[in-house]
Structures are given as C-alpha cells and as structure tokens.
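Structure at a glance
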Amino acid sequence: MRVACVLVVLTVAAFFPTFFNGFVNWDDAQNIYENPHLAAFDWASIRSIFTGNIMGNYNPAPIFTFAIERALFGFNPVVFHTTNLLLHLVCVVLVFRIRSEE
C-alpha cells in the first residue's frame, strides 16, 4: 500500500506543472483544435471516435474524453490536464495492482 501511495504522489508531482501551462504545439492542434471528431458531441461524432483514427493512431479513450471535455468546458487546458492526470493515476494503480499480484 505504501508503494502505491508513493507512486501516486510521484505521478502527481510529475504532472503538477502541467496545471500552469496551456496547450502545446506538439500534437494538441491535431488532437483537439483541428480534430473533426470533436466538432460536435452527438452519436455520429461518438461513433467516428470509436471507428476512426487521428494522425494514424487509433486511440478512442483519450479522444472520447477530449470530446466530453470540449462539450462541457470548451478549450480549457486545466480541464484537459486534470483528466489526463486522473487517467494516468488510474493506469499507475492498475499496473501496481497487476505487478503486486505476481
């Protein structure tokens, strides 16, 4: 349990600086601003998220969260960074649980 807590704290510490930054010019334009799947939040867009790709990558989970975030909060980078941190924390805990069961 202590190891899991340390991993969570380290993950939060690593991602904490993102809360003071906006979007970056690496791939945020393609994934968020220019993403045709995020133009509307309707069944057609949701279906396209799970059947299409962005930049040659099939990654429906983050794109779906981007769609929800954009529909609810617009282009607020703090919201996008918060969701990203929460998803990373879930992955850290799941990997820890899998590794600790071996």
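All of the points below concern the structure found in this document. (Residues numbered from 1 in each chain as written. Predicted model: local features only at pLDDT ≥ 70, side-chain atom pairs only at ≥ 80, totals over all residues. Heavy atoms only, no water.)

1. Digging into the environment of Val79
Structurally, the position occupied by Val79 is in helix α5 (residues 77-100). For the pair Val79 and Phe19, spaced 60 residues apart in sequence, the C-alpha to C-alpha distance is 8.9 Å. (Helix = DSSP H or I, 4+ residues; strand = E, 2+ residues; numbered from the N terminus.)

2. Quick notes on the layout of surface pockets
As a volume, the largest pocket reaches approximately 520 Å³. Lining the largest pocket we find 25 residues, and of these Asp28, Phe66, Phe80, Asn84 and His88 sit closest to its centre. Secondary structure elements with two or more residues in the lining of the largest pocket: α2 (28-33), α4 (60-73) and α5. The leading source of residues in the lining of the largest pocket is α5, at seven residues. For the lining of the largest pocket, a count of residues per class yields 11 nonpolar, 11 polar and three charged. (1 Å grid on protein atoms, 1.4 Å probe; cavity = no way out; pocket = protein on both sides within 12 Å on 5 of 7 lines; lining within 4 Å. Points joined across faces, edges and corners; volume = space filled by probe spheres on them. Nonpolar A, V, L, I, M, F, W, Y, C, P; charged D, E, K, R; others polar.)

3. Looking at the state of the cysteines
Inspection of every chain in the model, using the stated rule, returns zero disulfides. With no disulfide of its own, Cys5 lies closest to Cys91 among cysteine sulfurs, the gap being 18 Å. The partly exposed category is assigned to Cys5, whose relative accessible area is 41%. Among the residues examined, Cys91 registers a relative accessible area of 47% and is labelled partly exposed. (Disulfide = S-S within 2.5 Å. Buried < 20%, exposed > 50% of the residue type's maximum accessible area, 1.4 Å probe, protein only.)

Note that every value here comes from positions in space, so none of it alone points to a role or purpose.
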